[in-house]
Amino acid sequence: MSVIELRDVSVTFHERKRTVEAVKHVSLTVDKGEIFGIVGFSGAGKSTLVRTINLLERPTGGTVLIDGKDVTNVSGAELRDLRKRIGFIFQGFNLITNVTVGKNIEFALKAGGYPKEQWAERVRELLALVGLENKIDSYPSSLSGGQKQRVSIARALANKPEILLCDEATSALDLETTEGILELLRHINKELGITIVFITHQLDVAKQIFDRVAVMENGIVVEQGDTFDVFSAPKHPTTKALVERYLGIAVPPQLVPSLPEGTIVELRYKGESALEPLISAVAQRYGVSIDVLHANVEYFGAQAIGILIVLVSGGDGTLGRALEELKANVFGYRELDRAALAAARENAGVAGESADKEA
Ligand SMILES: Nc1ncnc2c1ncn2[C@@H]1O[C@H](COP(=O)(O)OP(=O)(O)O)[C@@H](O)[C@H]1O
Ligand SMILES: [Mg+2]
């Protein structure tokens, strides 16, 4: 049974003059014990969607089921109980700044009705879990970003939730700190069996920890599935744009006009299998030359996708057949237009900038 099920969930905001359909008829299920991710560009509706899971946002349509039970309209004690079962962390940490780390966690225990005589022990246990035993009496302002996020994870886990929702939990952190937080979340998922729903616009985060992923755009889930499958063979333009932006087409655009005649081809292959044997075989068989312009291997979880951009040229009327043979032996094949290549490069830069600025 799915631990979370959203059935045809919609959220519409009414502002003075404007109606915003932030989430439109989204259905998805999250299995017990998995790390389920939601990716998409800024404004796609990710935060609104995830906030319906613990009813921080009430759906204007559809049904939210937790452990098979319809919770869409719960209130009072039932709502408090639900919130206890679903921890939540944000990009902005949301710690109470004028009390200590220990007190921040105690407040959560108090709110969750945890037996008072066990607070001290539980606080110590939680801080040990996140590796901050010695910060119990520190104030949040004295902590680094990564430490603050660890405290907010400890606080979110205070009442032993079954589910942890993470909204851009690593987006304010640098790369190294992000690695540490992801490792901690993985540990929490595997060792404590807590189901995690994680939103991010960062594909490098997504590919590391998501078991399954949903891609959102304009309030709609446009694509979902196993993380490797979705990212290795993106179908929807939004997924393609996310993957493209992340992987980049690293042929410097200024190089493009100076390249000799020939066809620029992007080859994708699964696994770490090298393409050199194929390339030299094709080059030999058809008398073409194949120059590697860019090579990249990306890991999605434990699986790899290789991307190779090559220039295929020469041959004595055999170029077409050489390309056919390449195409038949790889998992992804795309001929790149030189002008589009330069343009794509520029667009990718612009998109990357705006997304990274997102707070
Ligand atoms: N409380 C709100 N009132 C009005 N509009 C909102 C509110 N929250 C979000 N929105 C709008 O809903 C859309 C989706 O927002 P959000 O869920 O925050 O997207 P994401 O998390 O993917 O960046 C945006 O157009 C945003 O402006
Ligand atoms: Mg958001």
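Data block above holds the structure.
No experiment lies behind these values; they were computed from the predicted model shown.

Calculation criteria
- Residues numbered from 1 in each chain as written.
- Chains lettered and ligands numbered in written order.
- Predicted model: local features only at pLDDT ≥ 70, side-chain atom pairs only at ≥ 80, totals over all residues.
- Heavy atoms only, no water.
- Pairing = 2+ DSSP bridges.
- Helix = DSSP H or I, 4+ residues; strand = E, 2+ residues; numbered from the N terminus.
- Contact = heavy atoms within 4.5 Å.
- Axes fitted to C-alpha atoms, helices over the stretch in contact; angles between N-to-C directions.
- Parallel < 35°, antiparallel > 145°, perpendicular 65-115°, else oblique.
- Left-handed = near helix turned anticlockwise from the far one by under 90°.
- Nonpolar A, V, L, I, M, F, W, Y, C, P; charged D, E, K, R; others polar.

Visitor: Pulling in residues and values, what's your account of the sheet that holds strand E4 (residues 61–66)?
Guide: In space, the 4 strands of this open sheet follow the order E2-E1-E4-E5, with antiparallel pairing throughout. Two strands lie at the open edges of the sheet, namely strand E2 (19–31) and strand E5 (69–70), each paired on one side alone. As defined by bridge partners, strand E1 (residues 2–14) adjoins E4 across 5 bridges and the pair is classed as antiparallel. Following the sheet pairing, Arg 7 is matched in E4 by Thr 63. Here helix H1 (residues 46–53) sits on the sheet in contact with E1, E2 and E4, set at roughly 125° to E1.

Visitor: Which residues make up the packing of helix H3 (residues 101–111) against helix H5 (residues 145–156), and what values go with them?
Guide: Here H3 crosses H5 at 25°, and the two axes come no closer than 9 Å. Judged by the inter-axis angle, H3 sits roughly parallel to H5. Classified by chirality, the crossing of H5 by H3 is right-handed. Along the contact surface, H3 presents Val 101, Asn 104, Ile 105 and Ala 108, while H5 presents Val 151, Ala 154 and Arg 155. For the contact of H3 with H5, a count of residues per class yields 5 nonpolar, 1 polar and 1 charged.

Visitor: Break down the sheet that holds strand E10 (residues 220–226) for me, with residues and values.
Guide: Taken together, the 6 strands give an open sheet; going across it, the order is E6-E7-E8-E3-E9-E10, and neighbouring strands pair in mixed fashion. The open sheet terminates on both sides in strands that have one partner only, identified here as strand E6 (86–90) and E10. For this sheet, the mean angle separating the axes of adjacent strands, direction not counted, is 15°. Bridging between strand E3 (residues 35–39) and strand E8 (residues 195–200) involves 5 bridges; their strand directions are parallel. From the neighbouring strand, Phe 36 faces E8, where its bridge partner is Val 197. Its contacts with the sheet place H1 against E3, E6, strand E7 (163–167), E8 and strand E9 (212–217), and it is angled at close to 160° to E8.

Read these as layout, nothing more, since geometry by itself doesn't imply function.
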